[in-house]
Amino acid sequence: MHHNETKTPLIRLAKRGVMEPWKAWCIRVGSILVALLLGGLVMSIALPEGSNIFSAYGTIIEGALGKKTAIRQTIKLAVPLLGTALAIAPCFKMHFWNIGAEGQITAGAIGATFFALKFGKTMPQLPLLLIMAVAAILCGGLWALIPAFFKAKWGTNETLFTLMMNYIATQLAAFFIIVWEVPKGAGK
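Read on for an overview of the structure. (Residues numbered from 1 in each chain as written. Predicted model: local features only at pLDDT ≥ 70, side-chain atom pairs only at ≥ 80, totals over all residues. Heavy atoms only, no water.)

An α-helical turn contains 3.6 residues, so a residue and the one three or four places further along point in the same direction. The terminal C-alpha atoms of helix H2 (residues 53-65) lie 18 Å apart, and with 13 residues this matches the ideal 18 Å at 1.5 Å per residue to within 8%. With a side-chain oxygen lying 2.8 Å from the backbone nitrogen of Phe-54, the N-terminal cap of H2 falls on Asn-52. (Helix = DSSP H or I, 4+ residues; strand = E, 2+ residues; numbered from the N terminus. Expected span 1.5 Å × (residues − 1). Polar contact = N/O pair within 3.5 Å; in protein donor to acceptor, adjacent residues only side chain to side chain.)

Laid out in structure tokens, this is it:
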């Protein structure tokens, strides 16, 4: 190979032009079907002998959507995940790989929990919820600011940095659970 020749990559990703809607829907539906098939393959390996994959999928759907309480639980779990996805989408669009959303949620939860425990019995519910929301947003944002600062100042790898921040946030949450839950003098 000559010095000025460029090697063609094995795989090349390129943005497509406008795709016809029916093709886009075929890709979406196909992706869901492939995911269900792969999940079924994993379940067929993990399920006890004689179990039916279709009944397993039925149990999953029943558990998530079968009763009013199940639907509420599913929504309760989905809302933070969808909100987080919306929050980090601009990062990915700008090619910043923020893998620390879990830690940012945890940092926000620590901030909201502090105010809930400190003022939960003395403050009216609506102002308390607003303060908790602001605290969660600020704490989660500040948690994201740490790797952003290091990336801007010293060019650190944001993927690894934000991922490691998840573990720190988890340990901080465990620490605060102990501090906030155990009354003074109750244990060692």
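We now examine the side chain of Asn-166. Along the chain, Asn-166 falls in helix H6 (residues 158-181). Within the structure, the side chain of Asn-166 is placed 3.1 Å from the backbone oxygen of Ile-99, a separation counted as a polar contact.

Our focus in this paragraph is unusual backbone geometry. Phi is positive for His-95, close to 65°, though the residue is something other than glycine. Within the fold, His-95 resides in the loop between helix H3 (68-93) and helix H4 (101-119).

Here we come to the packing of H4 against H6. Running from N to C, H4 and H6 cross one another at 20°; their axes reach a closest spacing of 8 Å. In terms of axis orientation, H4 runs roughly parallel to H6. For H4 against H6, the interelement crossing comes out left-handed. Residues Ala-101, Glu-102, Gly-103, Thr-106, Ile-110, Thr-113, Phe-114 and Leu-117 of H4 touch H6, and the partners they reach there are Asn-166, Ala-169, Thr-170, Leu-172, Ala-173, Phe-176 and Trp-180. Broken down by class, the residue content of the contact of H4 with H6 amounts to 9 nonpolar, 5 polar and 1 charged. (Axes fitted to C-alpha atoms, helices over the stretch in contact; angles between N-to-C directions. Parallel < 35°, antiparallel > 145°, perpendicular 65-115°, else oblique. Left-handed = near helix turned anticlockwise from the far one by under 90°. Contact = heavy atoms within 4.5 Å. Nonpolar A, V, L, I, M, F, W, Y, C, P; charged D, E, K, R; others polar.)

Purely geometric numbers; function is a separate question.
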